[in-house]
Each structure stands twice: as C-alpha cells, then as structure tokens.
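Structural features, examined
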Amino acid sequence: MSDINELYAKARQAAASAYAPYSKFHVGAVVVADDGRVFTGCNVENAAYGSAICAEGNAISTAAAAGVRKIDAVVIACLNAGECYPCGNCRQLMREFGVDTVVVQDGVGSLRTHRFAEILPHSFGPDSLENNPK
Ligand code: THU
C-alpha cells in the first residue's frame, strides 16, 4: 500500500468534490484494491435526503465497476468534522469486498488505523452464506 498520509491526502482531495448542499458535511474516501489500484469517491447528496450516497459507498462502487473484488484498505477524510467513522451501511459494503483495514481521522491531526473486525464485529458477509445450509 502507498504511504498512508498520501492516501489520506487523496481522500481529502476527493472530499473537495463532495456534493453536500444539505448537510455541508464533505467526505472523501480512498479504496486500495488488492492489485494496488486506488479509487476515490465523495458523498453525493440529493433533495430526497434518503437518496444520498456516502463517500465510501461511492469509492467502493467505482472500484467494483472496475472489476475489483477484494479491497485491502479504505481511508476516509472529512473536511469539516473531527472524527469521521463510516456509517453502518458503508461498513457492510466494506464487508462484502473483504476490507482488512480502515483508516479514519481523529480530528486532532492524527489518523487511526483499525482492523475491519474492530469496527464491524460478528459481521455477516459472503462467507456466512457459504457456511450455512441452503
Ligand atoms: N457521510 C459519508 O459520506 N461518509 C461517512 O462516513 C459519514 C457520512 C455523508 C453522508 C451525508 O452526505 C453526509 O455525510 C452527512 O451524513
């Protein structure tokens, strides 16, 4: 994986493209695929609030559309908040593509690196389906 600070800078760059006229919460995410490719996404809101797309979901979908099926890491930046942890839905999206590491900002200038299972313990995923009787 490239340097974590470089990836975080890229996530901040992506956040600058956020379309967030409602929440004014500008989020960017970087996805590092298992083949080393890097994808970015920002949040994209909607007048129908529930139709908003999170930065992480955007980046993961972009990676998936490029053929990625295994993601090693996701790095998240938010331009106008302290801590910024991914929402529950995005954690589940990460689970689908086998994310190992999630990096978030702590709001006081440092990054926190988490193993995925720390932020979504006892999770349900593709292997759960395989291991259960049909
Ligand atoms: N949001 C993200 O894009 N990622 C997160 O990790 C937290 C929340 C977005 C969704 C919405 O556009 C705005 O931030 C406020 O919830």
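Definitions and cut-offs
Residues numbered from 1 in each chain as written. Predicted model: local features only at pLDDT ≥ 70, side-chain atom pairs only at ≥ 80, totals over all residues. Heavy atoms only, no water. Salt bridge = Lys/Arg side-chain N within 4 Å of Asp/Glu carboxyl O. Helix = DSSP H or I, 4+ residues; strand = E, 2+ residues; numbered from the N terminus. Buried < 20%, exposed > 50% of the residue type's maximum accessible area, 1.4 Å probe, protein only. Near = heavy atom within 4 Å. Polar contact = N/O pair within 3.5 Å; in protein donor to acceptor, adjacent residues only side chain to side chain. Areas by Shrake-Rupley, 256 points an atom, 1.4 Å probe, with all protein chains shown as cover. Nonpolar A, V, L, I, M, F, W, Y, C, P; charged D, E, K, R; others polar.

Section: the pattern of salt bridges
- Evaluation of the coordinates by the stated rule reveals five salt bridges.
- Between Arg-37 and Asp-35 there is a salt bridge, and its shortest N-O distance comes to 2.9 Å.
- With a closest N to O distance of 3.1 Å, Arg-112 and Glu-83 form a salt bridge. Of the two residues, Arg-112 sits in strand β5 (residues 111-115) while Glu-83 sits in the loop between β3 (71-78) and α3 (88-96), which places them 29 residues apart along the sequence.
- For Arg-112, a relative accessible area of 29% gives the class partly exposed.
- Its relative accessible area of 44% is what places Glu-83 among the partly exposed residues.
- Salt bridges sharing partners connect three or more residues here, namely Lys-70, Asp-72 and Asp-100.

Focus: the site of the ligand
- Neighbouring the ligand are the residues Ser-23, Phe-25, Val-27, Asn-43, Glu-45, Cys-54, Ala-55, Glu-56, Tyr-85 and Pro-86.
- Separating an oxygen atom of the ligand from a side-chain N or O atom of Asn-43 is a distance of 3.0 Å.
- Glu-45 places a side-chain nitrogen or oxygen 2.6 Å from an oxygen atom of the ligand.
- Burial of the ligand by the surrounding chains reaches 79%, relative to a free accessible area of 370 Å².
- Here the shell around the ligand is composed, by residue class, of six nonpolar, two polar and two charged.

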